[in-house]
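Structural description and commentary
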Amino acid sequence: MTKNLRDVVKGRVLLPGDEEFEQARKPWNVAVDQPVAAVVEAADAGDVEALVRQAKKDGLTIAAQPSGHGATGDTGGAILLRTAALDAVEIRPEERLARVGAGARWGQVQAAAGEHGLTGLAGSMPLVSVTGYTLGGGLSWFSRKYGYAAERVRAFDVVDADGVARRVSADSDPDLFFALRGGGGDFALVTAVEFELFPEPLLYGGTITWPGHLAPEVFAAFREITSAAPRELSLWAARVQFPGAPPMVGISAAYLGSADEGRDLLAGLDAIGGALSDSRGALATADLGVITNEPTDPSPGASRGELLSELDDKATEILLAEPIDPLIAVQVRHLGGALADPATAASGTVAEPYLVYMLGLAITPEMAQGARDKQARLAQALGGYVSGRKPYTFLSASDTAAAAFPAQTLDRLREIKRARDPQGVFRANFPVLG
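Keep in mind it's a predicted model, so treat the numbers as computed, not measured. (Residues numbered from 1 in each chain as written. Predicted model: local features only at pLDDT ≥ 70, side-chain atom pairs only at ≥ 80, totals over all residues. Heavy atoms only, no water.)

**A word on the environment of glycine 138**
Inspection of the secondary structure assignment puts glycine 138 in the loop between helix H5 (130-135) and helix H6 (143-146). Sequence-wise, glycine 138 and glutamate 151 are 13 residues apart; in three dimensions their C-alpha atoms are separated by 9.0 Å. In contact with glycine 138, not counting residues within four places along its chain, are Tyr133, Ser143, Tyr148 and Ala149. (Helix = DSSP H or I, 4+ residues; strand = E, 2+ residues; numbered from the N terminus. Contact = heavy atoms within 4.5 Å.)

Following this line, the structure appears as structure tokens:
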């Protein structure tokens, strides 16, 4: 039945056996095997409508993946929808709004908004799609001041499970609007999103690294600074162990304000001494990606995130007790601020003040298993410091959507899913009915 797709969409359709099919089905994390029945590269929003109508007629399921980030491999038998061509970016500076297509990436948006002294709530990676990021909540460098990116959405353009294009807002459809703002994209296919921008022309940030043996001093400074940090300041501390290189420890920072203010807030880091590198300086908000310089090419990895209820002496001791090998990074992100404020979207509030993110290479199945085992041991050692909840975008392949939402929210999301997509035309990375 997938052969019918070429008759209904203008964009490219790739089927098993086609020359470029294997490459087209791969996600960003190439360690994840992504079995699909077809790959459809939509030429425009009309293609998305036609695809949904055909999928519903043929009893098929669609998994949308704008940039391939966050894939779990739960795509067996599905049509993989790519929306890279829907990449229009419109900035309305007088209204402080952006309207972007489903294929637009944060780097594009930040560059366009920055021309007007405005910023969106982007994350650390400029190549991540705005839509996929926002549907999962969107944890930004600036979320301590402004909350989840999903909270700042004004409207979505969607194609519903009947293949009908609609504009969804808090007034037009409060239930679907609630679900799309952080509920994971299991309810409709988004073709465009409209969201708030913020007048933040000043940014100070960068990363400092030290030899690994200074980790106790670095984490002590991290805890002291985050205990009194203003909402404009976000810090990440990380232990790093690249293959064949000595252990390192680092702190990455983003401060919405002047360089002088930022330096004063981070003065405790300068007192440590012995830094190997220091990239801190004034930045344009379009240059957020240089703070951590994450890889821009697809790569194989195994990751796990956990929310921490506290980062006291004991929790810090556990995080520093052993070498992190075979992981390449154990990172602690400071949360709090606006993330803990009452919220009206499915992404909800985050009461926990810290998040630990563990990353390992997964070039071979053995390496992937070794990384997962180490992550499990560290999470077990942290014990009661791990809350058990996780932001949607930090769920791993072994998790379900239940880990991301309180029971009442999950019940509401499931009701919305049953009402809006009873045939199961759409499949998110972590389906609420999974």
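**Here's the deal with the sheet that holds strand S2 (residues 38-41)**
Here 4 strands make up an open sheet; going across it, the order is S1-S2-S4-S3 and the pairing mixed. Every other strand in the sheet has two partners, leaving strand S1 (12-14) and strand S3 (62-64) as the edge strands with one partner each. Averaged over all adjacent pairs, the angle separating strand axes in this sheet is 20°, with direction ignored. In this structure, S2 lies alongside strand S4 (residues 79-82), joined through 4 bridges in parallel fashion. (Pairing = 2+ DSSP bridges. Axes fitted to C-alpha atoms, helices over the stretch in contact; angles between N-to-C directions.)

**Structural notes on the pattern of salt bridges**
According to the stated counting rule, one finds 33 salt bridges in the structure shown. Residue arginine 12 is joined to glutamate 20 by a salt bridge in which the shortest nitrogen-to-oxygen separation is 3.0 Å. Its relative accessible area of 33% is what places arginine 12 among the partly exposed residues. In this structure, glutamate 200 and lysine 145 form a salt bridge, with 2.6 Å as the shortest nitrogen-oxygen distance. Separated by 55 residues along the polypeptide, glutamate 200 in the loop between strand S11 (198-199) and strand S12 (203-211) and lysine 145 in helix H6 bring together distant segments of the chain. For lysine 145, a relative accessible area of 25% corresponds to the partly exposed category. Each of Glu90, Arg92, Arg99, Asp157, Arg167 and Glu194 takes part in salt bridges that share partners, so that together they form one network. (Salt bridge = Lys/Arg side-chain N within 4 Å of Asp/Glu carboxyl O. Buried < 20%, exposed > 50% of the residue type's maximum accessible area, 1.4 Å probe, protein only.)

**Section: unusual backbone geometry**
Residues aspartate 325 and proline 326 are joined by a peptide bond in cis, for which omega reads 15°. Counting through the fold element by element, proline 326 comes out in the loop between helix H11 (313-320) and strand S18 (327-334). Despite not being glycine, arginine 96 has its phi angle at roughly 55°, a positive value. Looking at arginine 96, the relative accessible area reads 43%, which means it is partly exposed. The phi dihedral of asparagine 293 is positive, around 50°, even though this residue is not glycine. Summarising the element assignment, asparagine 293 is placed in the loop between strand S16 (281-283) and strand S17 (301-308). The exposed category is assigned to asparagine 293, whose relative accessible area is 58%.

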